[in-house]
Every structure is written in C-alpha cells, then in structure tokens.
Protein chains: 2
Amino acid sequence: MAERTEAQHAEKMKKRQAAQARIVAGKTIEKGLLIVHTGAGKGKTTAALGMAVRAIGHGMKVGVIQFVKGAMTTGEKAVFDAFPAHAEFKPMGEGFTWDTQDRARDIATARVAWDEVKRMIADPAYDMVVADELNIVLRYDYLPLDEVLAVLTARPAMKHVVVTGRNAPAALIEAADLVTEMTQVKHPFRSGVKAQAGIEF
Amino acid sequence: MAERTEAQHAEKMKKRQAAQARIVAGKTIEKGLLIVHTGAGKGKTTAALGMAVRAIGHGMKVGVIQFVKGAMTTGEKAVFDAFPAHAEFKPMGEGFTWDTQDRARDIATARVAWDEVKRMIADPAYDMVVADELNIVLRYDYLPLDEVLAVLTARPAMKHVVVTGRNAPAALIEAADLVTEMTQVKHPFRSGVKAQAGIEF
C-alpha cells in the first residue's frame with residue numbers, strides 16, 4: 001500500500017463505500033435465522049453467548065439451554081443472571097457423556113433439555129433461543145434428527161435459533177440460514193496449558 | 001451406534017472418561033493467553049465478547065477496544081456497561097475505512113486505539129484485553145506489525161489478550177497460544193436478508 005498515493009487510496013475507498021452501500025440496500029428481508037456454529041475449533045459456544053449478549057443489549061429476550069455441560073457455575077451464567085427479564089440460562093446436561101456412562105439416562109436428559117428448547121421456540125416471549133451443544137446430542141442419536149429439524153424449520157417467523165457443537169448433521173446445515181465452522185489452528189493444551197477461568201469456562 | 005449394547009457403550013465411555021482425566025492431569029500450566037480469532041466467517045468478535053462475558057462472570061476485569069467500528073450503540077455495550085467495575089468497552093474506530101477515505105485520519109485513529117490497548121495491557125487492573133478488529137488495522141499497515149507484536153509478546157504473565165479480524169498476519173498466528181479460524185459455510189446475505197439487531201450488531 002505504501003506506493004499508493006493518498007488520492008488513490010481515497011478513490012478506492014470511495015468506490016468500496018459505494019459498493020458496500022449498494023449491497024446493503026439490496027438486503028431488505030428480516031427474518032428469524034437458524035444459525036449453526038460447528039467445527040472442531042473453539043468459539044462455537046462463546047460466539048453464541050456473544051450473540052446472546054448483543055440481543056440482550058437490544059432489549060430482546062434470550063433463552064440458553066446447555067445440553068451436555070454439567071451444573072457448573074459458569075462465568076457467563078453470573079452475567080446473564082444479572083438480566084433476569086432478558087436472559088434465561090439453563091445448564092441442563094448432567095456432564096459430558098463419558099461421565100455418565102449410562103445411555104438411557106443421557107437420552108432422558110437430552111429429552112428434558114429439548115422439551116425446554118421447544119417451549120422457548122413456541123413461546124413468543126423469547127426472541128432468540130440458543131441450543132448449546134445440541135449437535136453432540138444428535139451425533140450420539142440421543143434425539144431423533146427428524147423431530148429436531150421439524151421443530152427448527154417450523155419455528156415462528158422472527159425467532160432466531162442458534163445451535164452449537166461439532167459435527168453438525170448435513171441436514172441441519174442444509175436447513176440453516178447462517179453456518180460458521182470454527183477451525184482449530186492452534187490450541188494451548190498442546191503446550192501443557194490447563195483450562196483456565198475466563199477462557200474455557 | 002444402534003448395534004452397540006448398553007454395556008459396550010458404558011465401557012467405551014468409561015475408557016474415554018479415563019483418557020480425558022489423564023489429559024487434564026497433564027495440563028498444569030497457567031498463563032495469560034494470546035488468542036486470535038481470524039477467518040472470513042462470522043463469530044470472531046462475538047466469540048471474543050462471549051469470552052469477555054465469561055471473564056466478567058468470574059470477577060475478572062476486561063477491557064474491549066474496537067478498532068474499526070464506528071461510535072454506534074451496539075447491543076453488547078449496553079450489557080457491559082451494566083458491569084462498570086469489570087468491563088470497559090471502548091468503540092474507538094470512526095467507521096469502516098471505506099467511510100473515512102482518509103488514510104492519515106485512519107492511522108491517527110488506530111494509534112489512539114492502540115495506545116489504549118497498550119495502557120490496558122500494562123495496567124495490572126485488567127485481566128483480559130480484547131483488541132477487536134486489530135487485524136484489519138494491521139492489514140492496512142495503519143500500525144507497524146513489529147511494534148504490535150513486541151507489545152503483545154511482552155505482556156504480563158497472566159494477561160489474556162484476544163485479537164480479532166480476518167487476515168491475521170502469519171507472525172501474529174506464530175506468536176499466539178490459541179488460534180481459531182472462523183470459516184463461512186453459509187451466510188444469509190446471499191439470500192437477501194439484511195443485517196439484524198442481535199445478530200450483526
């Protein structure tokens with residue numbers, strides 16, 4: 001860029017500004033989005049929580065259901081609990097599946113969490129519903145994919161639903177409006193660094 | 001999985017639990033991490049905000065500097081402002097670069113924002129500093145990469161720094177502890193859906 005003159009820079013940016021304005025003007029649809037965060041990298045849940053924070057800040061009401069995390073007191077819960085009228089945060093998993101070692105119990109737990117997601121999707125009070133780690137539950141066949149897809153695609157017109165977890169089923173990606181894959185480039189566990197407050201939990 | 005018996009499932013999960021416990025036991029280092037969210041997909045900033053929420057929930061103090069977003073009232077700002085002792089949120093960009101069309105002004109703006117990041121990194125009161133969209137500024141050569149890397153790598157031992165933005169420089173990725181690339185799989189703009197509150201801003 002050093003060789004470009006200031007006038008050339010201004011001209012280029014002006015063109016880009018105009019192009020950007022045209023693009024934005026062409027987008028007129030408002031709708032509730034089905035959003036999927038998948039991939040093996042970090043950031044799937046945290047990005048969903050960040051989106052929940054945005055929505056809360058806009059006065060929207062958000063429900064967050066965690067499917068496979070235990071009843072830990074996560075950092076985020078403390079923040080969401082400060083906005084009782086706008087955020088409902090429910091850690092409903094009993095722990096990771098390798099901690100329970102009981103498939104029947106895991107299936108029952110998944111069903112209770114899913115019923116809560118369904119309730120929030122149906123209730124007009126909620127603008128956004130986060131089904132955290134639902135993909136893991138689908139991966140283990142703890143919930144029927146057809147039933148889940150039927151509920152998600154038949155959601156009310158302005159309801160945003162965010163589904164997280166690695167290995168999102170192809171049919172869910174197909175049904176979604178916005179899909180991001182989080183790819184792991186580098187992870188500190190490889191250097192012996194342990195899970196730390198504020199980062200992993 | 002249907003063909004596997006319950007006993008086989010329990011056995012497999014027990015092995016996985018033991019393996020997981022061994023992995024966790026081997027991770028003993030605690031340190032401030034240099035975290036990079038890059039890639040063309042969504043979720044880079046929102047994942048950083050989600051991490052900030054976690055940290056705030058743990059009683060940590062977080063500083064967020066936005067390099068290229070204008071002085072809009074974002075949803076997240078309203079939430080962070082509810083935790084004045086734990087969150088400092090500063091949108092310091094004047095807008096996207098195509099809106100200013102003035103490189104000298106953009107460079108001056110970047111410098112003011114960077115000085116604030118440096119202050120927060122040096123101040124022991126902050127546990128985590130988010131330099132949102134710093135990669136964009138580096139991409140345009142608005143700040144010298146060498147100077148930025150020198151400050152980031154010499155940060156205090158327990159200070160977490162999160163840098164976001166597409167096109168992270170290779171040297172920054174090399175210096176980082178945790179790098180996630182957000183890859184766009186599907187985006188609703190392609191279907192004419194406009195930017196919506198709670199999702200894009």
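All values derive from a computational prediction rather than experimental measurement. (Residues numbered from 1 in each chain as written. Chains lettered and ligands numbered in written order. Predicted model: local features only at pLDDT ≥ 70, side-chain atom pairs only at ≥ 80, totals over all residues. Heavy atoms only, no water.)

Caption draft 1: View of the environment of Lys159 of chain B. Residue and element names in this part refer to chain B. Mapped onto the fold, Lys159 is located in the loop between helix H7 (145-153) and strand S5 (160-164). Non-local contacts of Lys159, meaning those with residues more than four positions away in its chain, are made with Gly32, Leu33, Met120, Ile121, Asp123, Pro124, Tyr126, Asp127 and Val129. Polar side-chain contacts of Lys159 include one of 3.0 Å to the backbone oxygen of Met120. Here the side chain of Lys159 touches Asp123 through a polar contact of 2.6 Å, landing on its backbone oxygen. (Helix = DSSP H or I, 4+ residues; strand = E, 2+ residues; numbered from the N terminus. Contact = heavy atoms within 4.5 Å. Polar contact = N/O pair within 3.5 Å; in protein donor to acceptor, adjacent residues only side chain to side chain.)

Caption draft 2: Molecular detail of the interface of chain A and chain B. Each side of the interface is counted separately: chain A has 81 residues, and chain B has 81 residues. In total, about 7200 Å² of surface goes out of reach between chain A and chain B, with carbon and sulfur atoms giving 60% of it. At the boundary of chain A and chain B, one finds 0 salt bridges. Taken together, the connections running from chain A to chain B amount to 13 residue pairs in polar contact (both at pLDDT 80 or more). (Buried area = accessible area lost by both parts, 1.4 Å probe. Salt bridge = Lys/Arg side-chain N within 4 Å of Asp/Glu carboxyl O.)

Caption draft 3: Inspection of the relation of the copies chain A and chain B at higher detail. Mapping chain A onto chain B calls for a screw motion: a turn of 180 degrees about the axis and a shift of 0.0 Å along it, with 0.0 Å RMSD after fitting. Taken together, the turn and the small shift mark the pair as related by a two-fold rotation axis. Taken together, the interface assignments show that 100% of the residues at the interface of chain A recur at the interface of chain B, consistent with an identical surface on both copies. (Least-squares fit on C-alpha atoms with pLDDT ≥ 70 in both.)

Caption draft 4: Fine view of the packing of aromatic side chains. Overall, the coordinates contain 5 aromatic pairs over all chains when judged by the stated rule. On the numbers, 5.5 Å between centres and 25 degrees between planes, the contact of Tyr140 of chain A with Tyr142 of chain A is stacked. Classification of Tyr140 of chain A by relative accessible area gives buried; the value is 11%. Considering the side-chain rings of Phe80 of chain B and Phe89 of chain B, the 5.7 Å spacing of their centres and the 40 degrees angle between planes classify their relative orientation as tilted. Judged by relative accessible area, Phe89 of chain B falls into the buried class, the value being 6%. Sitting over the ring of Tyr126 of chain B, Lys61 of chain B keeps its end group 4.9 Å from the ring centre. (Phe/Tyr/Trp six-rings, centres within 6.5 Å; stacked < 30°, edge-to-face > 60°. Buried < 20%, exposed > 50% of the residue type's maximum accessible area, 1.4 Å probe, protein only. Lys NZ or Arg CZ within 6 Å of the ring centre and 35° of its normal.)

Caption draft 5: Seen up close, unusual backbone geometry. All names here are of chain B. Not every positive phi belongs to a glycine, and Glu133 is a case in point at roughly 70 degrees. Structurally, the position occupied by Glu133 is in the loop between strand S4 (128-132) and helix H6 (134-139). A positive phi is found at Asp141, a non-glycine position, where the angle reads about 60 degrees. Within the element layout of this structure, Asp141 appears in the loop between H6 and H7. With a relative accessible area of 53%, Asp141 lands in the exposed category.

Caption draft 6: Representation of the side chain of Asp132 of chain B within the structure. Among the secondary structure elements, Asp132 of chain B is positioned in strand S4. A polar side-chain atom of Asp132 of chain B sits 3.2 Å from a polar atom in the side chain of Gln66 of chain B.

Caption draft 7: Layout of the nonpolar core. Core analysis: the biggest nonpolar cluster contains 46 residues, and Val62 and Phe80 of chain A together with Val62 and Phe80 of chain B have the highest contact counts within it. Beyond its immediate sequence surroundings of up to four residues, Phe80 of chain A is in contact with Leu49, Ala52, Val53, Ile56, Ala87 and Phe89 of chain A. (Core = buried A, V, L, I, M, F, W, Y, C linked by side-chain atoms within 4.5 Å.)

Caption draft 8: Representation of the sheet that holds S4 of chain B in the model. Sheet architecture is open: 12 strands sit in the order S3(A)-S2(A)-S4(A)-S5(A)-S1(A)-S6(A)-S6(B)-S1(B)-S5(B)-S4(B)-S2(B)-S3(B), paired in mixed fashion. In this open sheet, the two strands that pair with only one neighbour each are strand S3 (87-91) of chain A together with strand S3 (87-91) of chain B. Sheet twist, expressed as the average angle between the axes of neighbouring strands with direction ignored, equals 15 degrees. Bridge count between strand S6 (residues 178-186) of chain A and strand S6 (residues 178-186) of chain B: 7 bridges; the pairing is antiparallel. Across the sheet, Glu181 of chain A pairs through a bridge with Thr183 of chain B, a residue of S6 of chain B. Lying on the sheet, helix H2 (residues 44-57) of chain B is in contact with strand S1 (34-38), strand S2 (62-66), S3, S4, S5 and S6 of chain B; it crosses S1 of chain B at an angle near 145 degrees. (Pairing = 2+ DSSP bridges. Axes fitted to C-alpha atoms, helices over the stretch in contact; angles between N-to-C directions.)

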